[in-house]
Amino acid sequence: MPTGKKLIYPILLSVVLLWGLNVVMIKFLTQQMSPILVAAVRMPLAGIVLLLFVFKKYGLYNPSKKQWGLLFCIGLISVCLHQLLLGYGVSVTSSTNASLILALNPLTTALLASIFVQEKFTRNLGLGILLGFAGVVLVVFSKSPEGAIQFSLIGDVAMVLAMLTYVIGGLLIKKLLENPIPTLVVTAYSTLIGGLLLNLGTLVSFGPAVYGQIHLSSTAILVLLISAWGATALGTLGWNDGIKQLGANRTAMFLNGMPFASMFGGFVFLNEKIAWIHILALILTTLGIVIGSIPKKKVILLESCKQ
């Protein structure tokens, strides 16, 4: 196994931890300004710092016309539309519904990847998805008050579309990275494109005066920079590298760890308690990630050893 593939597993675990903590950070920031404005500010900040790394390593990198087309689609679908749908969906549906719908990401990714990018849907991948989803269901329901499942047609549809836009974006990234283009360039350019589109939409919808609502404390500015540069910039870079090395379906398995990263953030920063059911859910999800991430060749080797 190449060195890159050995490192990608701890990198993806770190990304999931960052993204889980980012939920806490964004929740804090949305108390200062609207969710759409938070996204419109975060994405360009992340894209700019990534662009500086691109200039330092590759100079003025100019993708081909086909690559520019895919980059625009990634920025539009997995950054701009995803953020808009996610922000709206979370605001009008319950957190339980939102979490369960987003937990369908690995299954949806595996199904679509098997159809559109020729990634095989293996038995172990299916078992891993099932175990991971079971762990997510346990932790979500353990934190939900009785009767929290309440269907909101518009909100739930928005969450499904948000989940689909992220899955489609991942498949487009997989397709683009099959060509000779660095992961850093893909991440930087698509993040900037998505950030510019978000700001264009914000200007059209609310006008320039909306930016006058930004009055952040020094703590909020620090949280914003950590969220943009840490979770969004470095996190997305690590995630895209995972898609390149492991494929879209096996990388998506790690998303099942998101609720536990958020739970850890709540335990550390919000004094939330962790019960035995959370430990059981974590075990199920960890098993799911491990089983679903085993490469096909390794699975065959293990089975032959048993015989």
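Residues numbered from 1 in each chain as written. Predicted model: local features only at pLDDT ≥ 70, side-chain atom pairs only at ≥ 80, totals over all residues. Heavy atoms only, no water.

Some remarks on the overall build of the protein
Within the protein, the regular secondary structure consists of 13 helices and 0 strands. In sequence order, the protein lays out its α and β elements as α-α-α-α-α-α-α-α-α-α-α-α-α. Taking the intrachain contacts of the protein between residues at least 6 apart in sequence as the baseline, contacts between residues at least 24 apart amount to 89%. Summed over its atoms, the accessible surface of the protein is roughly 15,600 Å², and 72% of this surface lies on carbon and sulfur atoms. (Helix = DSSP H or I, 4+ residues; strand = E, 2+ residues; numbered from the N terminus. Contact = heavy atoms within 4.5 Å. Areas by Shrake-Rupley, 256 points an atom, 1.4 Å probe, with all protein chains shown as cover.)

As for the packing of helix H2 (residues 35-58) against helix H9 (residues 218-246)
Two numbers describe how H2 lies on H9: the axes approach to 8 Å, and their chain directions differ by 60 degrees. Our classification of the angle between H2 and H9 gives oblique. With respect to the hand of their crossing, H2 and H9 are arranged in right-handed fashion. Along the contact surface, H2 presents Val-41, Arg-42, Met-43, Leu-45, Ala-46, Val-49 and Leu-50, while H9 presents Leu-224, Leu-225, Ser-227, Ala-228, Trp-229, Thr-232, Ala-233 and Leu-237. For the contact of H2 with H9, the per-class residue count stands at 12 nonpolar, 2 polar and 1 charged. (Axes fitted to C-alpha atoms, helices over the stretch in contact; angles between N-to-C directions. Parallel < 35°, antiparallel > 145°, perpendicular 65-115°, else oblique. Left-handed = near helix turned anticlockwise from the far one by under 90°. Nonpolar A, V, L, I, M, F, W, Y, C, P; charged D, E, K, R; others polar.)

Re empty space enclosed by the protein
By the definition in use, this model includes 1 cavity of 30 Å³ or more. In this structure, the largest cavity encloses a volume near 70 Å³. Surrounding the largest cavity, Asn-105, Thr-109, Tyr-166, Val-167, Gly-170, Leu-171, Trp-239, Ile-243, Ala-248, Thr-251 and Ala-252 form its lining. Only helix H5 (105-116), helix H7 (153-177), H9 and helix H10 (248-252) provide two or more residues apiece to the lining of the largest cavity. A per-element tally of the lining of the largest cavity places H7 first, with 4 residues. Split into classes, the residues belonging to the lining of the largest cavity amount to 7 nonpolar, 4 polar and no charged. (1 Å grid on protein atoms, 1.4 Å probe; cavity = no way out; pocket = protein on both sides within 12 Å on 5 of 7 lines; lining within 4 Å. Points joined across faces, edges and corners; volume = space filled by probe spheres on them.)

Topic: the environment of Phe-72
Of note, Phe-72 is situated in helix H3 (residues 65-92). Sequence spacing of Phe-72 and Thr-191 is 119 residues, and the spatial spacing of their C-alpha atoms is 9.6 Å. Leave out the neighbours within four places in its chain, and Phe-72 touches Ile-193 and Leu-197.

Some points on H2
A rise of 1.5 Å per residue sets the reference length of H2, with its 24 residues, at 34 Å; its end C-alpha atoms lie 34 Å apart and thus fit the reference within 8%. Of the residues trailing H2, Gly-59 is marked for its positive phi of about 75 degrees. (Expected span 1.5 Å × (residues − 1).)

A few points about a nonpolar patch on the surface
Taken together, the side chains of Ile-48, Leu-52, Phe-55 and Leu-60 define a hydrophobic patch exposed on the protein surface, amounting to about 450 Å² of accessible area. Counting through the fold element by element, Leu-60 comes out in the loop between H2 and H3. Classification of Leu-60 by relative accessible area gives exposed; the value is 75%. (Patch = residues over 30% accessible without salt bridge, like charges linked within 9 Å, V, L, I, M, F, W, Y side chains within 5 Å. Salt bridge = Lys/Arg side-chain N within 4 Å of Asp/Glu carboxyl O. Buried < 20%, exposed > 50% of the residue type's maximum accessible area, 1.4 Å probe, protein only.)

Quick word on the nonpolar core
One finds Leu-176, Tyr-189 and Trp-239 to be the most contacted residues of the largest nonpolar core, which totals 33 residues. Of the residues forming this core, the biggest block, 7 residues, is contributed by helix H8 (residues 183-206). Once residues lying within four places of it in the same chain are set aside, the contact partners of Trp-239 are Leu-12, Val-15, Val-16, Trp-19, Tyr-166, Thr-251, Ala-252, Phe-254 and Leu-255. If you look at the next biggest cluster of nonpolar residues, it comprises 10 residues, including Met-25, Met-33, Leu-37 and Leu-224. (Core = buried A, V, L, I, M, F, W, Y, C linked by side-chain atoms within 4.5 Å.)

Some points on the confidence of the model for the protein
For the protein, per-residue confidence averages 78 on the pLDDT scale, and 73% of positions sit at 70 or higher. Within the protein, H8 carries the highest mean pLDDT (92), whereas helix H13 (residues 296-306) carries the lowest (43). Contacts from residues 298-307, a stretch scored under 50 in pLDDT, to residues over four places away or in other chains number 3 contacts. (pLDDT = per-residue confidence, 0-100.)

Regarding the packing of aromatic side chains
If you walk through the whole model with that rule in mind, you get 4 aromatic pairs. Relative to Tyr-166, the ring of Trp-19 has its centre 6.5 Å away and its plane inclined at 85 degrees; by these criteria the two rings are edge-to-face. Here Tyr-166 lies in helix H7 and Trp-19 lies in helix H1 (residues 3-29), a separation of 147 residues in the sequence. A residue is classified by how much of its surface remains accessible, and Trp-19, at 11% relative accessible area, is buried. (Phe/Tyr/Trp six-rings, centres within 6.5 Å; stacked < 30°, edge-to-face > 60°.)

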